[in-house]
Amino acid sequence: MISQKTISSILLILSTLAILYALIFPISVWMVYAIAIICIPLWILCLGLVTMAKPRKGDKEGRVKEPFTGY
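Here the structure is a predicted model, which means the values were calculated and not measured.

Undergrad: What is the right way to read the overall build of the protein from this model?
TA: Helix and strand counts for the protein stand at three helices and zero strands. In the protein, the succession of α and β elements from N to C terminus is α-α-α. The long-range share in the protein, meaning contacts at least 24 apart out of those at least 6 apart in sequence, stands at 55%.

Undergrad: Could you clarify how one ought to interpret the environment of Lys 5 in this entry?
TA: Take Lys 5: it is sitting in helix α1 (residues 2-24). Relative accessible area serves as the criterion here: at 36%, Lys 5 is assigned to the partly exposed category. Remark: the alpha-carbon pair of Lys 5 and Met 52, spanning 47 residues in sequence, is separated by 9.1 Å.

Undergrad: For this particular structure, what's the right way to read α1?
TA: Quick reminder: α-helices carry 3.6 residues per turn. Residues three or four places apart thus point the same way. Here α1 is 23 residues long and its end C-alpha atoms lie 33 Å apart, about the 33 Å a rise of 1.5 Å per residue gives. Within α1 the residues assigned to the buried category are Ser 8, Leu 12, Ser 15 and Ala 22.

Undergrad: Explain the side chain of Ser 8 to me, please; I cannot follow it from the model alone.
TA: Relative to the helices and strands, Ser 8 resides in helix α1. For Ser 8, a relative accessible area of 4% puts it in the buried group. Setting aside its immediate chain neighbours within four residues, Ser 8 contacts Cys 46, Leu 49 and Val 50.

Undergrad: Help me understand a nonpolar patch on the surface in this model?
TA: Together, Ile 7, Ile 10, Leu 11, Ile 13, Leu 14 and Leu 17 give the surface a local cluster of nonpolar side chains, amounting to about 560 Å² of exposed area. Checked against the element boundaries, Leu 11 lands in helix α1. By relative accessible area, which is 31% here, Leu 11 ends up partly exposed.

Undergrad: Explain the packing of aromatic side chains to me, please; I cannot follow it from the model alone.
TA: In this description, an aromatic ring pair is defined by two values, namely the gap between the centres and the angle between the planes. The final tally for this structure, using the stated rule, is one aromatic pair. Their ring planes at 45° and their centres at 5.0 Å tell us that Tyr 21 and Phe 25 sit as a pair that is tilted. Taking relative accessible area as the criterion, Tyr 21 reaches 40% and is therefore assigned partly exposed.

Undergrad: What's the story with the environment of Trp 43 in this structure? I'm lost.
TA: Summarising the element assignment, Trp 43 is placed in helix α2 (residues 29-53). For the pair Trp 43 and Ser 15, spaced 28 residues apart in sequence, the C-alpha separation works out to 5.8 Å. In this structure, Trp 43 is in contact with Leu 12, Ser 15, Thr 16 and Ile 19, ignoring residues within four places of it in sequence.

Calculation criteria
- Residues numbered from 1 in each chain as written.
- Predicted model: local features only at pLDDT ≥ 70, side-chain atom pairs only at ≥ 80, totals over all residues.
- Heavy atoms only, no water.
- Helix = DSSP H or I, 4+ residues; strand = E, 2+ residues; numbered from the N terminus.
- Contact = heavy atoms within 4.5 Å.
- Buried < 20%, exposed > 50% of the residue type's maximum accessible area, 1.4 Å probe, protein only.
- Expected span 1.5 Å × (residues − 1).
- Patch = residues over 30% accessible without salt bridge, like charges linked within 9 Å, V, L, I, M, F, W, Y side chains within 5 Å.
- Areas by Shrake-Rupley, 256 points an atom, 1.4 Å probe, with all protein chains shown as cover.
- Salt bridge = Lys/Arg side-chain N within 4 Å of Asp/Glu carboxyl O.
- Phe/Tyr/Trp six-rings, centres within 6.5 Å; stacked < 30°, edge-to-face > 60°.

Taken by themselves, the reported measurements are silent on function.
Given below as structure tokens:
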């Protein structure tokens, strides 16, 4: 659970930086398309995983053993 949250956080930061880089600096068109095709869905996926990794107050102990039961 902790490793999944860590990996998702790192990928979220990297995809955010790539998206911002494509917005700020003038790069070739194919690189902008590649960043859009890869990094925007990755950003949405990682944001969802980081959000799901936060347990509710009543579910903290149960979700450590089985993190995504019931979703």
